[in-house]
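What the coordinates show
Listed below, chain by chain, are the residues.
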Amino acid sequence: MSAQQQGEAIIAIRGLRTGFGDTIIHDRLDLDVYRGEVLGIVGGSGTGKSVLLRTIIGLNRQLAGTIRLFGKDPETLDFAEKRAIERRWGVLFQNGALFSSLTVAQNIEVPMREHLALSEPLMDEIAAMKIAMVGLPPDAGAKYPSELSGGMRKRAGLARALALDPEIVFLDEPTAGLDPIGAAAFDALIQELRQALGLTVFMVTHDLDSLHAICDRIAVMAEKRVIVSGDMAAMLKFDHPWVRDYFHGPRGRAALSAKVTRQV
Amino acid sequence: MPIVALISFLIGVVLAYQGATQLRQFGAEIFTVELVAISVLREIGILLTAIIIAGRSGSAFTAQIGSMKLNEEIDAMRTLALDPMEMLVVPRVLALIIALPMLGFIADMMGLFGGAVMCWIVLDITPGLYLQRLNEWVPLSHFWVGIIKAPFFALMIGLIGCYEGLQVEGSAESVGRLTTKSVVEAIFMVIVVDAVFSIYFAVIEF
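Residues numbered from 1 in each chain as written. Chains lettered and ligands numbered in written order. Predicted model: local features only at pLDDT ≥ 70, side-chain atom pairs only at ≥ 80, totals over all residues.

To continue, consider the overall build of chain A. Within chain A one finds eleven helices and nine strands. A compact globule built from 264 residues should have a C-alpha radius of gyration of about 18 Å, and chain A, at 18 Å, falls within 12% of that. Looking at chain A residue by residue over its 264 residues, the buried ones come to 41%. (Helix = DSSP H or I, 4+ residues; strand = E, 2+ residues; numbered from the N terminus. Rg over C-alpha atoms; globule rule 2.2 N^0.38 Å. Buried ≥ 20, exposed ≤ 12 C-beta atoms within 10 Å, placed from the backbone.)

Moving on, we come to the interface of chain A and chain B. Contact residues are listed per partner, giving 14 residues for chain A and eleven residues for chain B. At the level of secondary structure, the elements contributing two or more residues to the side of chain A that touches chain B comprise α3 (79-86) and α4 (104-115) of chain A. In terms of residue count, α4 of chain A provides more of the side of chain A that touches chain B than any other element does, three residues in total. Its residues placed into classes, the side of chain A that touches chain B shows eight nonpolar, three polar and three charged. (Contact = placed C-beta atoms within 7 Å. Nonpolar A, V, L, I, M, F, W, Y, C, P; charged D, E, K, R; others polar.)

So, on to the sheet that holds strand β9 (residues 225-230) of chain A. All names here are of chain A. Read across the open sheet, the six strands follow the order β5-β6-β7-β3-β8-β9; overall the sheet is mixed. Among the strands making up the open sheet, the edge pair consists of β5 (89-92) and β9. Put simply, the sheet's adjacent strands are angled 15 degrees from each other on average, direction ignored. With five bridges joining them, strand β6 (residues 168-172) and strand β7 (residues 200-204) adopt parallel strand pairing. Counterpart to Val-169 in the pairing with β7 is Val-201. Across the sheet, helix α6 (residues 150-161) lies against β5 and β6, angled at about 165 degrees from β5, the strand it touches most. (Pairing = 2+ DSSP bridges. Axes fitted to C-alpha atoms, helices over the stretch in contact; angles between N-to-C directions.)

With that out of the way, let us pick up unusual backbone geometry. Residue and element names in this part refer to chain A. Positive phi values are uncommon outside glycine, yet Asp-165 reaches one of about 50 degrees. Residue classification places Asp-165 among the exposed residues on the basis of 12 C-beta atoms within 10 Å. The phi dihedral of Glu-223 falls on the positive side, at around 50 degrees, and the residue is not glycine. Mapped onto the secondary structure, Glu-223 falls in the loop between β8 (217-222) and β9. Taking the number of C-beta atoms within 10 Å as the measure of exposure, Glu-223 has 12 and is therefore exposed.

This part covers the sheet that holds strand β1 (residues 9-20) of chain A. Pairing between the strands of a sheet comes from backbone hydrogen bonds, and it takes one of two forms, parallel or antiparallel. Residue and element names in this part refer to chain A. With antiparallel pairing, three strands are arranged side by side in an open sheet as β2-β1-β4. Each edge of the open sheet is held by one strand with a lone partner, namely β2 (23-34) and β4 (64-69). Adjacent strand axes in the sheet meet at a mean angle of 15 degrees when their direction is disregarded. Taken together, the five bridges between β1 and β4 define a ladder with antiparallel strand orientation. Bridge pairing in β4 places Ile-11 opposite Leu-69. Strands β1, β2 and β4 of the sheet are contacted by helix α2 (residues 49-56), whose axis makes an angle of about 115 degrees with β1.

Interpretation note: all reported values are geometric properties and have no functional meaning in isolation.
This is the structure we're talking about:
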């Protein structure tokens, strides 16, 4: 992975400070995301993992600091340039955030309708392709989100995030609320898509198994910053009370041994 | 729609009955027709409709948009460069602006109909006479005074419903709280706007 780490940083965050009212959530936060990597963001509750994700995709304004996306600072861009950048990423929210009044296929077509001028049959075809790509049965396209299980909704949300063939996808706790088998299958899906499409993945997660299975690099959030980032070996060595508890606690050990067993 | 129709019909009945009882003391029963027609057309028909719609559609707007907010659908829209204002608020408010005057018209008609039925039963004023009386003594301006207010009521109800929906945060409990708030505020604002119109029409003597 070292080759990738020296590669192009498609997201570069410097000196980020965010907060609501008097509460400061991030302060002097630095983080890079390199092309082609799967980056896992971990941290205790309330350390601002989701807020960080929302700030990068522009749902939150930072109080200070810069975020460069694909080498550009969205703060300085006009509307058209911003839209051009937005086309290059996809976002999967925690519960999929599918539009409940639209079918899965229509949901996948929303970004295409908004950003591209395609004919209806072509959009239907692309939607069907994306549905197959995320491992949903073909009849899922005509269903409404309320008719799907949690895991299927996440897959459908991922299909929508991939609608415009993005370079980077943001995943907010993709395996939360899934049973262990579903979670492992989702991890495998992300791994597969990343290899097939050359995606960069920015993933907020709590799932130690996911971290072991698919993340190239892990960034730990604590004390309003990213206190350490690196691969799993670096995490296991890092000396900080929270990091040690997280990766060396009973669940951490179980996930680690599961990984070792898998490799054997 | 059936609720609006039924309630206005009943209000027409009640007004006619009350009017008849009171006016009979002065031997002025025949003015019951004017009493019913003017109060229904100018005020009650449209006001009742607006209050029912605030309870029915205003609350629905808040609940729908609120649950979309909870489900992060609104955030998803923003990331897809869709404007929630344009996608969610404008169509709902416009729909209400179109629908409320129509419902108000139905309410007016049903209110007059209820009045006619009661006049016939209690006062022996035949529907023919009732209509004739309406024609002669109740100018169309009363109808317009009522109906012109409908789009303004609709705007209030729609905007409040959507605004409160967008304020939802956190949990399902917040949806419930803001739905209640939206109905209360909408009804309050409808009555305030109605009062403002009353003063305005009184000043211009319309």
